[in-house]
Amino acid sequence: MSETFQSINPATGDIVWEGQAADEEAVNATVATGRSVFESWRRTDISDREAILKRYAEVVTEQKEQIAKAISDDMGKPMWEARTEAGAMAAKIGHSINAYHERTGDKSGDGFSLSHRPHGVMAVLGPFNFPGHLPNGHIVPSLLAGNTVVFKPSELTPSVAEIMMDCFAKAGLPEGALNLVQGGRETGGALLEAEIDGLLFTGSAKTGTFFHKYFGGRPEVMLALEMGGNNPLIIHEPCDVQAAADIAFMSAFITTGQRCSCSRRLIVPAGEFGDQVIAELMARIEDVTIGQGEDNVFMGPLVSAEAAEAAVDFQTALVASGGKLITELERFGQTGAFVKPGLIDMTKAVSIDEELFGPLLQIYRSGNLDAAFARANDTRFGLAGGLVCDDEHIWAQAQSEMKAGILNWNRPTTGAASSLPFGGPGLSGNHRPSAYYAADYCAWPVASQLSPKAAPPAMVGMK
Ligand code: NAD
Ligand code: SIN
């Protein structure tokens, strides 16, 4: 029997959405709908598919305010940031069309042709932290390539998905090309069991690793796993201390630390320069504005009181393993989901190589650059990393040494470019990067060698 669940605004405690979770029967029926529409959608001319998606971008732009409000209500993101996310959803279309043609699409030349075909019915499982932009980043390239889609958003953020469905319908997407199932893990589990041709997932390494095992031995199912990171940021002389502290602050605490690209570990030299960076970072933490909705604030709450509790527990574990608190991540407010950012010195502690999805930055002091690179790479993840340093030779070294699929120089580790691939090695994914390279996992290539007339092939060793 299907169960009712709710979305609760973590900033206010208000119920902002209530509905039924799709059960196994409903999920199977939805996948069957996607299957029944697949043949006609894949045969729809690419120019018509593009036109519908361009119209979708227009509708999303028209409904930007409503989308932003749903994002902010579901997961607590301040409105300025939720509007940026809604803007990125519309901007995705142009990038996806470019990527479709440049990386897939149809090509031909002297004696060959290369075309691409869609897989079939793709399941998209979304995370809560960019509830519109990230599922959209799988859905748009999937539809463009001719797949049909069954979308299950995070159970923490069901609202924006319904508005997205409405935008696609207004854009003229045929019914059944994109389908929504709401619900949590059980609904997601039913989707894994259903007859899908691909699973496009953005979420935690724990869940993604489970899916990797689940689909082990089933190469016919396309699996694209976009997972988390334990991202390092190295600050090294020479550089402007103020700018370095701004970059570190932004990297660690934007979206209340709830971005996969957030810096989790800050590596600064031992000595006076490193002390200055930390003092500047502390000053910014003391000044940070935390609030909700329309307030002119930098940070909102964490997604839930449970997430805030998990952040405090992780901090406690770091202290137990030898970490020294510089400033404590602390919960405050009525709903239990607000936290003040924390800093902890882990230089002499035993590291815990996990992703904490919250605003707690671990500091490591390093004796020299080689030690800084070694520390940066001391992780099973490989998503994002950064170097702040004005010496281009050191940047060249970082590019060759640091293990991260998104590696920035004198820029925050956050703020991904949709015109570039997004993903990294290790526990951060299964080598199917998203964003610009999403086109690659949405289609399979058909490579042909051609001759207009039947002619005998060259044969060696025949009489
Ligand atoms: P999550 O793994 O808890 O959940 C993601 C989705 O998977 C949700 O829809 C959830 O319902 C579903 N799910 C979870 N367990 C399932 C199961 N056993 N069976 C079926 N479905 C299941 O992730 P989250 O907390 O929503 O998102 C935060 C995580 O996402 C962080 O780890 C973050 O780093 C990662 N993330 C990665 C990227 C990237 O592009 N690499 C981007 C954003 C977020
Ligand atoms: C994320 O996808 O979680 C972050 C991407 C970004 O920093 O823009």
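Residues numbered from 1 in each chain as written. Chains lettered and ligands numbered in written order. Predicted model: local features only at pLDDT ≥ 70, side-chain atom pairs only at ≥ 80, totals over all residues. Heavy atoms only, no water.

It is worth spelling out the sheet that holds strand S11 (residues 263–269) at this point. The strand order across the open sheet formed by seven strands is S12-S15-S16-S11-S10-S17-S18, and the pairing between neighbours is mixed. What marks the edges here is a single partner per strand, and that holds for strand S12 (324–327) and strand S18 (406–409). Each neighbouring strand pair of the sheet contributes to a mean axis angle of 25 degrees, computed without reference to strand direction. Here four bridges tie strand S17 (residues 384–388) to S18, and the two strands are oriented parallel to one another. In the strand pairing of S18, Gly385 is matched with Leu407. Relative to strand S16 (residues 360–366), helix H11 (residues 305–320) is tilted by about 25 degrees, and along the sheet it contacts S12, strand S15 (342–345) and S16. With respect to the sheet, helix H12 (residues 369–376) is in contact with strand S10 (231–235), S11 and S16, its orientation differing from that of S11 by roughly 170 degrees. (Pairing = 2+ DSSP bridges. Helix = DSSP H or I, 4+ residues; strand = E, 2+ residues; numbered from the N terminus. Axes fitted to C-alpha atoms, helices over the stretch in contact; angles between N-to-C directions. Contact = heavy atoms within 4.5 Å.)

Here we take up the nonpolar core. Ranked by internal contacts, the top residues of the largest apolar core, which has 50 residues, are Tyr56, Ile67, Ile139, Leu143 and Phe168. At eight residues, helix H4 (residues 79–103) tops the list of elements feeding residues into this core. (Core = buried A, V, L, I, M, F, W, Y, C linked by side-chain atoms within 4.5 Å. Buried < 20%, exposed > 50% of the residue type's maximum accessible area, 1.4 Å probe, protein only.)

Bring the parts together and some accessible area is lost; that lost area is often taken as the interface size. Domains assigned within the protein chain are domain 1 (4–227 + 429–448) and domain 2 (231–409). Each of domain 1 and domain 2 has a C-alpha centre, and these two points are 30 Å apart. Between domain 1 and domain 2, the contact holds 20 residues from the first and 22 residues from the second. When residues of domain 1 are sorted by the area they lose upon contact with domain 2, Pro10, Ala11 and Trp80 head the list and together hold 27% of the total. With its nearest N and O atoms 2.8 Å apart, the salt bridge here joins Arg83 to Glu294. Of all elements in the fold, only helix H3 (64–75) and H4 reach the threshold of two or more residues within the side of domain 1 that touches domain 2. (Domains from an automatic or database assignment. Buried area = accessible area lost by both parts, 1.4 Å probe. Salt bridge = Lys/Arg side-chain N within 4 Å of Asp/Glu carboxyl O.)

Glancing now at the site of ligand 2. The environment of ligand 2 is formed by Asn129, Phe130, Leu134, Arg259, Cys260, Ser261, Thr414, Gly415 and Ala416. Here an oxygen atom of ligand 2 sits 2.5 Å away from a polar atom, N or O, in the side chain of Ser261. At 2.8 Å, a backbone N or O of Ala416 approaches an oxygen atom of ligand 2. In isolation ligand 2 exposes 260 Å². Once the protein is present, 91% of that is buried. Classifying every residue of the shell around ligand 2 by side-chain character gives four nonpolar, four polar and one charged. (Near = heavy atom within 4 Å. Polar contact = N/O pair within 3.5 Å; in protein donor to acceptor, adjacent residues only side chain to side chain. Areas by Shrake-Rupley, 256 points an atom, 1.4 Å probe, with all protein chains shown as cover. Nonpolar A, V, L, I, M, F, W, Y, C, P; charged D, E, K, R; others polar.)

Let's shift gears to the site of ligand 1. Taken together, 28 residues lie near ligand 1, and Glu155, Ser204, Thr207, Met227 and Glu355 sit nearest. In the model, an oxygen atom of ligand 1 is placed 2.9 Å from a nitrogen or oxygen of the Lys152 side chain. Within the side chain of Arg185, a nitrogen or oxygen atom sits 3.5 Å from a nitrogen atom of ligand 1. When isolated, ligand 1 has an accessible area of 850 Å², and the protein chains bury 90% of it.

Right, let's talk about the sheet that holds strand S21 (residues 443–449) for a bit. Here three strands make up an open sheet; going across it, the order is S3-S4-S21 and the pairing antiparallel. Two strands in the sheet have a free side with no partner beyond their single neighbour: strand S3 (107–109) and S21. On average, each strand axis in the sheet is inclined to that of its neighbour by 20 degrees, with strand direction left out of account. Inspection of the sheet shows strand S4 (residues 112–118) paired to S21 by seven bridges, in the antiparallel sense. Pairing of Leu114 across the sheet is with Ala447, part of S21.

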